[in-house]
Amino acid sequence: MFSNLSNLSQGVNTAFIVILSVCFFFLIGLTVVLLVFIYKYNEKRHPVAEQIEGNNKLEVLWTVIPVLIVIAMFYFGWAGWKPLYSEAPKNAMPIKTVGRMWNWHFEYENGKQTDTLYIPQGKPVLLNLVSMDVIHSFYIPAFRVKMDVIPGKKISIWFIGNSPGVYDIFCAEYCGLQHSGMYTAVRVMPQDKFSKWYIDTTALAPAAGAVAATPAMAGEKIYHTIGCMACHSVDGSSLTGPTFKGAFGHEVTVTTGGKVRTLTVDEAYIKRSILEPNADLVKGFNANLMQPYKGQLNEKDISNVIEYIKSLR
Ligand SMILES: [Cu+2]
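Let us look at the structure shown here. (Residues numbered from 1 in each chain as written. Predicted model: local features only at pLDDT ≥ 70, side-chain atom pairs only at ≥ 80, totals over all residues. Heavy atoms only, no water.)

A look at the overall build of the chain
Part 1 of the reasoning: Each helix and strand in the chain was counted, giving 6 helices and 13 strands.
Part 2 of the reasoning: Relative to the globule expectation of 20 Å for 313 residues, the C-alpha radius of gyration of the chain, 28 Å, shows a markedly less compact shape.
Part 3 of the reasoning: Each of the three principal axes of the chain carries a C-alpha extent, and together these read 90 × 55 × 30 Å.
Part 4 of the reasoning: In the chain, which comprises 313 residues, the share counted as buried stands at 36%.
Part 5 of the reasoning: Put simply, 61% of the contacts in the chain that link residues at least 6 apart link residues at least 24 apart.
Part 6 of the reasoning: A gap of 3 Å separates the mean positions of the 28 positive and 24 negative side-chain charges of the chain. (Helix = DSSP H or I, 4+ residues; strand = E, 2+ residues; numbered from the N terminus. Rg over C-alpha atoms; globule rule 2.2 N^0.38 Å. Buried < 20%, exposed > 50% of the residue type's maximum accessible area, 1.4 Å probe, protein only. Contact = heavy atoms within 4.5 Å. Lys, Arg positive; Asp, Glu negative; His and termini not counted. Charge placed at Lys NZ, Arg CZ, Asp CG, Glu CD.)

Overview of the nonpolar core
Part 1 of the reasoning: Leu 117, Phe 138, Phe 143 and Phe 159 are the most contacted members of the largest nonpolar core, which totals 38 residues.
Part 2 of the reasoning: Not counting residues up to four positions away in its chain, the partners in contact with Leu 117 are Ile 95, Phe 106, Tyr 108, Leu 127, Phe 138, Phe 159, Ile 169, Ala 185, Val 186 and Arg 187.
Part 3 of the reasoning: With 28 residues, the next largest nonpolar core counts Ile 222, Cys 228, Val 252 and Ile 270 among its residues. (Core = buried A, V, L, I, M, F, W, Y, C linked by side-chain atoms within 4.5 Å.)

As for unusual backbone geometry
Part 1 of the reasoning: Of note, the bond from Met 101 into Trp 102 is cis; its omega dihedral lies within 30 degrees of zero at 0 degrees.
Part 2 of the reasoning: Mapping Trp 102 onto the fold places it in the loop between β1 (93-100) and β2 (103-108).
Part 3 of the reasoning: Phi is positive for Arg 144, which is not a glycine, with a value near 60 degrees.
Part 4 of the reasoning: With respect to the helices and strands, the residue Arg 144 is situated in the loop between β6 (136-140) and β7 (145-149).

Quick notes on the coordination of the copper ion
Part 1 of the reasoning: Bound to the copper ion on the protein side are His 136 (ND1), Cys 171 (SG), Cys 175 (SG) and Met 182 (SD), at distances that span 2.0 to 2.6 Å.
Part 2 of the reasoning: Every donor counted, the 4 donor atoms about the copper ion form angles of 93 to 124 degrees at the centre, which fits tetrahedral coordination.
Part 3 of the reasoning: Mapped onto the sequence, the donors of the copper ion take the spacing H-x34-C-x3-C-x6-M. With His 136 in strand β6 and Cys 175 in the loop between β9 (165-171) and β10 (184-189), this pair connects stretches of sequence that are 39 residues apart. Exposure class is identical for His 136 and Cys 175. Each is buried. (Donors = N, O, S within 2.8 Å, 3.2 Å for Na, K, Ca; no water. Tetrahedral: all angles 85-135°; square planar, octahedral: opposite > 155°, others 65-115°.)

Things to note about the pattern of salt bridges
Part 1 of the reasoning: For the structure on display, the rule yields 5 salt bridges.
Part 2 of the reasoning: The salt bridge involving Arg 261 is made with Asp 280; its shortest N-O contact spans 2.8 Å. You can see Arg 261 sitting in strand β12 (residues 259-264) and its partner Asp 280 sitting in strand β13 (residues 280-282), a full 19 residues away along the chain.
Part 3 of the reasoning: Between Asp 280 and Arg 272 there is a salt bridge whose closest N-O contact spans 3.1 Å.
Part 4 of the reasoning: Connected via shared salt-bridge partners are Arg 261, Arg 272 and Asp 280. (Salt bridge = Lys/Arg side-chain N within 4 Å of Asp/Glu carboxyl O.)

Section: the sheet that holds β12
Within a sheet, neighbouring strands are paired by backbone hydrogen bonds and run either parallel or antiparallel to one another.
Part 1 of the reasoning: Taken in spatial order, the 3 strands of this open sheet run β12-β11-β13, and their pairing is antiparallel. Both edges of this open sheet fall to β12 and β13, since each of them pairs with a single strand only. Strand after strand, the sheet turns through a mean of 45 degrees between neighbouring axes, direction not considered.
Part 2 of the reasoning: Relative to β13, strand β11 (residues 251-256) is paired through 3 bridges, and the arrangement is antiparallel. Looking at the pairing, Thr 255 lines up with Leu 281 of β13. (Pairing = 2+ DSSP bridges. Axes fitted to C-alpha atoms, helices over the stretch in contact; angles between N-to-C directions.)

Notes on the environment of Ala 185
Part 1 of the reasoning: Inspection of the secondary structure assignment puts Ala 185 in strand β10.
Part 2 of the reasoning: Put simply, Ala 185 and Ala 15 are 170 residues apart on the chain and 25 Å apart in space, counted from C-alpha to C-alpha.
Part 3 of the reasoning: When near neighbours in sequence (up to four residues on either side) are disregarded, Ala 185 contacts Thr 116, Leu 117, Val 166, Tyr 167, Asp 168 and Ile 169.

In short, shape yes, function no, at least from these values alone.
Listed below in structure tokens is the structure:
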């Protein structure tokens with residue numbers, strides 16, 4: 001339970017043990033005092049109440065000692081928290097970490113993209129945390145790593161995985177209906193194994209531009225991997241955004257720059273909605289809930305998504 005699986009473990013573990021020990025000390029101490037008093041000052045043994053005068057010595061003691069204990073707890077908490085926000089070493093390996101409703105996605109410097117985080121053992125990694133929609137929280141309990149991921153804010157965290165193995169990654173910020181499904185894993189590999197894995201780009205995990213039999217099927221994969229499904233249903237139900245079912249070719253009422261107009265959902269409209277979600281806002285839905293997908297999807301990805309929407313008649 002208290003092994004040092006990352007460089008951050010020790011500080012957090014120590015703070016936890018110190019605070020837990022203080023809690024136990026007082027739990028047991030107060031319980032004992034309580035029982036002694038119940039016995040000693042029972043009415044049978046102590047029938048007449050006594051007036052007790054103040055005691056300066058005692059009052060100073062029970063002020064100073066708790067203050068020292070609280071300062072000690074603060075110190076250990078602070079010492080455990082500080083490395084979480086310290087500057088990353090120069091040689092830290094940067095990995096773009098994208099959180100969205102409802103999955104995690106990792107992009108390495110050489111273009112490799114995965115759904116599981118792969119890191120070399122004993123080497124610092126720098127995760128640049130990006131949210132595509134709402135606030136998430138990147139959490140590796142075994143490593144004592146936890147950091148909020150806030151849309152539009154530059155946040156990063158660095159750490160070192162000490163022992164090879166697979167450890168859970170969760171989202172620790174309730175971010176919507178399928179929040180509990182927003183988990184993956186970090187795989188810590190010995191350096192030689194990691195290097196082999198890293199340069200092997202034939203084994204790329206299918207990301208946005210997934211290989212699929214038809215463009216519509218490729219579009220469906222994208223629909224799941226980049227999180228469209230969080231807000232756009234394919235069964236006609238209305239979620240945060242309009243459903244994709246039967247959308248293509250139908251007329252919709254939209255607000256364009258404050259003016260209401262009607263248009264037909266065609267290729268150009270869908271493309272614009274992906275790249276500039278607030279440009280033509282469908283009536284009945286809120287603005288600014290969808291992030292622009294510029295730079296996330298290429299032309300081919302977009303046309304695949306369009307084919308997928310077309311197939312949902
Ligand atoms: Cu989340």
